[in-house]
Amino acid sequence: MSTFESRKRSRELNEKLIKLALISAAAISILTTFGILFSILFEAIEFFKLRSFWYFITGATWSPGVIGSQFGALPIFAGTFIITIIALGVAIPVGLGSAIYMSEYASANIRDYLKPLLEILAGIPTVVYGFFAAITVAPLVVQIAEFFGLEATFNSALASGVVMGIMIIPVISSLSDDVIRAVPDSQRKAAFALGMTHGETIKNIVLPSAMPGIISASLLGLSKALGETMIVVMAAGLRPNLSWNPLEDMTTVTVTIVNSLVGDFEFNSPETLSAFALGLILFVVTLILNMISLSLIRKFKEKYKVNTL
């Protein structure tokens, strides 16, 4: 009896230790997030003591380091979202399409070759993508624009967005492939039994079932695109430009943050502290996008539950 009790106590102790380790891991993750937030927040508050918050989020002129410097971040965030939208416009159709092919149409042998080749893109350094954008894609964009009678710069948002989209294709493709393959095969067979074709089954059964995972993969790609720097520096330029024309040069938040922190200004100067203000706004925007995506995921899950009853 004593041996049984000692074994029981040992197992209970092991369970408590494992639970404690998991709680500690979760706490470290949460505390790290709050640590990042507060480290940005305090410095951003110092910036807003020196410059107007309203002009920062609505101003159309960003000219630090000059007499009468202005810190209107609207052109920076406009450039960020334009380049990111272009990147997602490239990555989501290509990534999701390749995921559907590999999971639904390709044979096992073909898939074993294609997926590793596709994921090689994820291991290429971003500076290499930057060279590809500046040397190959940007001149190609200029030539195509001239063919249609349009004017494009060699540092265009379109070239940067296209290459950035190519960079995040493996993220969306790999995760989408996993969630599509996770859809129970019984649902496909039930759709075939009801007379659906393979394409109709994918459209009406497989994709709605996998949509929460596809949205999560797209969100991960979005986050990676928002944080990209090198491709923008080498292909889109450094000039804050408030324009909706993707053929013009633009810059993004991360590039401006780097420029603000590597300048010859004092740390407590508005020019340096503006980097923390930009980081704070980017943090808030990313948080809002996460909340929206989680709401969409929840709606798709609820809809899927209703459809399966």
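Rules and cut-offs
Residues numbered from 1 in each chain as written. Predicted model: local features only at pLDDT ≥ 70, side-chain atom pairs only at ≥ 80, totals over all residues. Heavy atoms only, no water. Helix = DSSP H or I, 4+ residues; strand = E, 2+ residues; numbered from the N terminus. Buried < 20%, exposed > 50% of the residue type's maximum accessible area, 1.4 Å probe, protein only. Contact = heavy atoms within 4.5 Å. Areas by Shrake-Rupley, 256 points an atom, 1.4 Å probe, with all protein chains shown as cover. Salt bridge = Lys/Arg side-chain N within 4 Å of Asp/Glu carboxyl O. Core = buried A, V, L, I, M, F, W, Y, C linked by side-chain atoms within 4.5 Å. Patch = residues over 30% accessible without salt bridge, like charges linked within 9 Å, V, L, I, M, F, W, Y side chains within 5 Å. Phe/Tyr/Trp six-rings, centres within 6.5 Å; stacked < 30°, edge-to-face > 60°. Expected span 1.5 Å × (residues − 1). Bend = angle between axes of the 7 residues up to and from the residue. Axes fitted to C-alpha atoms, helices over the stretch in contact; angles between N-to-C directions. Parallel < 35°, antiparallel > 145°, perpendicular 65-115°, else oblique. Left-handed = near helix turned anticlockwise from the far one by under 90°. Nonpolar A, V, L, I, M, F, W, Y, C, P; charged D, E, K, R; others polar.

A word on the overall build of the protein chain
Part 1 of the reasoning: Across its full length, the protein chain carries 11 helices and 2 strands.
Part 2 of the reasoning: Taken from N to C terminus, the helices and strands of the protein chain fall in the order α-α-β-β-α-α-α-α-α-α-α-α-α.
Part 3 of the reasoning: Overall size of the protein chain, expressed as C-alpha extent along the three principal axes, is 80 × 65 × 35 Å.
Part 4 of the reasoning: When the 309 residues of the protein chain are sorted by exposure, 39% land in the buried category.
Part 5 of the reasoning: Contacts in the protein chain between residues at least 24 apart in sequence constitute 70% of all its contacts with a sequence separation of at least 6.
Part 6 of the reasoning: Accessible area of the protein chain: about 17,500 Å², with a carbon and sulfur share of 68%.

A few points about the environment of L194
Part 1 of the reasoning: Inspection of the secondary structure puts L194 in the loop between α7 (185-193) and α8 (198-226).
Part 2 of the reasoning: For L194 and I292, which are 98 residues apart along the polypeptide, the C-alpha to C-alpha distance reads 35 Å.

A short note on the environment of A78
Part 1 of the reasoning: Within the secondary structure layout, A78 lies in helix α3 (residues 74-105).
Part 2 of the reasoning: Under the relative-accessibility criterion, A78 is labelled buried at 12%.
Part 3 of the reasoning: Sequence separation between A78 and A275 is 197 residues; the distance between their C-alpha atoms is 17 Å.

Here we look at the pattern of salt bridges
Part 1 of the reasoning: In this structure the tally under the stated criterion is 8 salt bridges.
Part 2 of the reasoning: Across the pair E104 and R188 runs a salt bridge whose closest N-O atoms are separated by 2.8 Å. Taken as a pair, E104 in helix α3 and R188 in helix α7 lie far apart in primary sequence, 84 residues in all.
Part 3 of the reasoning: Residue classification places E104 among the buried residues on the basis of a relative accessible area of 13%.
Part 4 of the reasoning: Across the pair D185 and R188 runs a salt bridge whose closest N-O atoms are separated by 4.0 Å. On the criterion of helical spacing, the pair formed by D185 and R188 is a turn pair, its members being 3 residues apart in helix α7.
Part 5 of the reasoning: For D185, a relative accessible area of 41% corresponds to the partly exposed category.
Part 6 of the reasoning: Classification of R188 by relative accessible area gives buried; the value is 9%.
Part 7 of the reasoning: By sharing partners, the salt bridges in this structure join E104, D185, R188 and K189 into a single network.

What about the nonpolar core?
Part 1 of the reasoning: If you look at the biggest cluster of nonpolar residues, it comprises 35 residues, and the most contacted ones within it are I83, V163, M164, M167, I168, I231 and V232.
Part 2 of the reasoning: Those elements that provide at least two residues to this core are α3, α5 (126-147), α6 (157-181), α8 and α9 (230-235).
Part 3 of the reasoning: Here the element with the most residues in this core is α6; it accounts for 8 residues.
Part 4 of the reasoning: Setting aside chain neighbours within four positions, we find I168 in contact with A87, L88, A91, G221, K224 and A225.
Part 5 of the reasoning: If you look at the next biggest cluster of nonpolar residues, it comprises 17 residues, including F56, F71, A73 and A277.

A look at a nonpolar patch on the surface
Part 1 of the reasoning: A cluster of nonpolar side chains, contributed by Y101, Y105, I110, L114, L117, I120, I124, V127, V128, F131, I135 and M230, occupies part of the molecular surface with about 1,100 Å² of accessible area.
Part 2 of the reasoning: Contributions of two or more residues to the nonpolar patch are made by α3, α4 (108-119) and α5.
Part 3 of the reasoning: A total of 4 residues in the nonpolar patch trace back to one element, the largest contributor, which is α5.
Part 4 of the reasoning: As for its placement among the helices and strands, I124 is situated in the loop between α4 and α5.

Some remarks on the packing of aromatic side chains
Part 1 of the reasoning: Evaluated as defined, the whole model comprises 10 aromatic pairs.
Part 2 of the reasoning: When the centroid spacing of 5.3 Å and the interplanar angle of 90° are considered together, the rings of W62 and F71 count as edge-to-face.
Part 3 of the reasoning: Taking the relative accessible area as the measure of exposure, W62 reaches 11% and is therefore buried.
Part 4 of the reasoning: Linked through ring pairs, F47, F48, F53, F56, W62 and F71 together constitute an aromatic cluster.

As for α6
Part 1 of the reasoning: Here α6 is 25 residues long and its end C-alpha atoms lie 35 Å apart, about the 36 Å a rise of 1.5 Å per residue gives.
Part 2 of the reasoning: Maximal helix bending in α6 amounts to about 40°, located at I168; proline P170 follows within four positions.
Part 3 of the reasoning: Among the 25 residues that make up α6, 18 are buried, leaving the element largely enclosed by the rest of the structure.

Quick look at the packing of α3 against α8
Packed helix pairs are specified by the crossing angle of their axes together with the interaxial distance, meaning the distance between the axes.
Part 1 of the reasoning: In the contact formed by α3 and α8, the axes pass within 9 Å of each other and the chain directions differ by 140°. In terms of their interaxial angle, α3 and α8 are classed as oblique. Crossing handedness for the pair α3 and α8: right-handed. Counted together, T80, T84, A87, L88, I92, L96, I100, E104 and Y105 of α3 and H198, G199, I202, V206, L207, I214, S218, G221, L222, A225 and L226 of α8 form the full contact between these two elements.
Part 2 of the reasoning: Along the lines of polarity and charge, the residues of the contact of α3 with α8 split into 13 nonpolar, 6 polar and 1 charged.

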